[in-house]
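Results of the structural survey
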Amino acid sequence: MALLDADGEFIASGSYHGRTDIAWERGRFGNNLEVADPERLLVFLERHAGRSLGPPPGGLRTLPG
């Protein structure tokens, strides 16, 4: 995924990591960002990716669309 500034300009890239974190460019930003609501992030990503990303973390169920 891409991190954009207020004008829509590319700042950095990141990836869904470990089903609970977003791994941004570690050389620039340090540690991963822990996602506050991994279940909702999974639903959001699946909705926009158009495919399943696997089971939610910790056995959580996917929320209805």
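To start, this report covers the structure provided alongside it.

Reading the values: the criteria
Residues numbered from 1 in each chain as written. Predicted model: local features only at pLDDT ≥ 70, side-chain atom pairs only at ≥ 80, totals over all residues. Heavy atoms only, no water. Helix = DSSP H or I, 4+ residues; strand = E, 2+ residues; numbered from the N terminus. Contact = heavy atoms within 4.5 Å. Areas by Shrake-Rupley, 256 points an atom, 1.4 Å probe, with all protein chains shown as cover. Buried < 20%, exposed > 50% of the residue type's maximum accessible area, 1.4 Å probe, protein only. Pairing = 2+ DSSP bridges.

In this section: the overall build of the protein. Counting its regular elements, the protein contains two helices and four strands. Overall, the protein shows an N-to-C arrangement of helices and strands of β-β-β-α-β-α. Once local pairs closer than 6 in sequence are excluded, the contacts in the protein between residues at least 24 apart make up 13%. Summed over its atoms, the accessible surface of the protein is roughly 4,700 Å², and 53% of this surface lies on carbon and sulfur atoms.

Every second residue of strand β3 (residues 21-24) is oriented toward a common face, with Asp21 and Ala23 on one face and Ile22 and Trp24 on the other, all of them buried. Sheet topology note: the strand β2 (residues 10-17)/β3 ladder contains four bridges and is antiparallel. Residue His17 lies in a different strand from β3, and its bridge partner there is Asp21. Linkage of β2 to β3, two consecutive antiparallel strands, is achieved through a turn of three residues, within which Gly18 is found at a positive phi near 65°. For β3 and strand β4 (residues 33-34), the ladder comprises two bridges, and the chain directions are antiparallel.

In this fold, Leu3 is placed in strand β1 (residues 2-4). The class for Leu3 is partly exposed, based on a relative accessible area of 32%. For Leu3 and Gly14, which are 11 residues apart along the polypeptide, the C-alpha to C-alpha distance reads 7.4 Å. Every residue in contact with Leu3, bar those within four places of it in the chain, is listed here: Glu9, Phe10, Ile11, Ala12 and Trp24.

Keep in mind these numbers describe shape, not what the thing actually does.
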